[in-house]
Amino acid sequence: MSSIRLDGVSFFYKETNILDNVSLCINHGELVALVGQNGTGKTTLMKLIAGLLEPTTGEISIDDKYIRTLSPQNRATAVSFTPQNPILPSRVSVFDFVMLGRNSHLSLLEWESSADIKLVEEALVATGIKPLRNRYITELSSGELQRVMISMSIVQQAKISLLDEPTSNLDIANQSSIMKLIVKNHTVNQSTTLITMHDLTLSAQYSERMILLHKGKIHSDGSPSKVLTKTNIKSTYGIDIEILSNPVTGSPIIVPS
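Residues numbered from 1 in each chain as written. Predicted model: local features only at pLDDT ≥ 70, side-chain atom pairs only at ≥ 80, totals over all residues. Heavy atoms only, no water.

Student: Describe helix 6 (residues 172-188), naming the residues involved and giving the relevant values.
Tutor: Note on helix geometry: an α-helix contains 3.6 residues per turn, so any two residues three or four positions apart are oriented the same way. Taking 1.5 Å as the rise per residue, helix 6 with 17 residues should run 24 Å; its terminal C-alpha atoms sit 24 Å apart, in good agreement. Residues of helix 6 that are buried: Gln175, Ile178, Met179, Leu181, Ile182, Asn185 and His186. Seen along its axis, helix 6 keeps its buried residues to an arc of 160°; they face one direction. Residues Ile172, Ala173, Lys180, Lys184, Thr187 and Val188 are exposed on helix 6 and point more than 90 degrees away from its buried face. (Helix = DSSP H or I, 4+ residues; strand = E, 2+ residues; numbered from the N terminus. Expected span 1.5 Å × (residues − 1). Buried < 20%, exposed > 50% of the residue type's maximum accessible area, 1.4 Å probe, protein only. Arc of directions from axis to C-beta.)

And the structure:
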């Protein structure tokens, strides 16, 4: 049984075809990197899976249930989506904002429990932002906010985790720590994780499978070594590259020629 399934999914925006007849399956427990140039449909694909957009044509299933048939609460319990540029409420503390990730687990009039509070505290420690717990989220740097969003994703405890450019505003040290945290959370929760990334080398280091999008279609799908070839990169990014091997993991390292 697949965790995520797309059957002939297309999406048009103002008569522009963003995604064109995309079909794919992502199995339970996979960690998949979604890569490709800007404007090729990566974020749109994530929003469709999260149920934030509806496909123009085709169907999307989560655990063999059409996502259009799920209630908002059931969808939030099944899928967490961490956007790259979230809309932020004013005068909300880091702690309270991360606690919003527990909403899908609470009934309408139910208050958070001590277990919910403990889970949020643990997420703040894991992402290194506990000292910021009482700061307003609108006062944070872009890198700090990125950690807040990942903390919220952790406490939501959804079986499917969608992360849109989770390392885009982080320096190289924090990129590594956040990716290790994402992999740890993925492993501990036995979740299905889909990440969009620009950094091909970083994507290859941490993912088991890569999907390369080009002009709204799947250009290549497979292991990092299968997807990140000179031919694939030339035909999608339009550049010549050299491919080295990570001396520790053996994953490909992409170097522009």
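Student: Describe the nonpolar core, listing the residues and the values that go with them.
Tutor: In terms of nonpolar packing, the biggest core is built from 32 residues, with Val94 and Val148 touching the most fellow members. Put simply, the parts of the chain that give this core at least two residues each are helix 3 (94-99), helix 4 (114-126), helix 5 (142-156), helix 6 and helix 7 (200-206). Per-element accounting of this core gives the leading share, seven residues, to helix 5. Beyond its immediate chain neighbours, meaning those up to four positions away, Val94 contacts Leu124, Ile129, Leu132, Arg133, Arg135, Ile137, Leu140 and Val148. Grouped together as the second largest cluster of nonpolar side chains are 28 residues, Val22, Leu34, Phe81 and Leu194 included. (Core = buried A, V, L, I, M, F, W, Y, C linked by side-chain atoms within 4.5 Å. Contact = heavy atoms within 4.5 Å.)

Student: Residue-level account of the packing of helix 4 against helix 5, with values.
Tutor: Remark: helix 4 packs on helix 5, axes separated minimally by 9 Å, with the N-to-C direction vectors making an angle of 140°. Classified by the angle their axes make, helix 4 and helix 5 are oblique. Judged by the twist between their axes, the crossing of helix 4 over helix 5 is right-handed. Of the residues in helix 5, those in contact with Leu119, Val120, Ala123 and Leu124 of helix 4 are Ser151, Ile154 and Val155. (Axes fitted to C-alpha atoms, helices over the stretch in contact; angles between N-to-C directions. Parallel < 35°, antiparallel > 145°, perpendicular 65-115°, else oblique. Left-handed = near helix turned anticlockwise from the far one by under 90°.)

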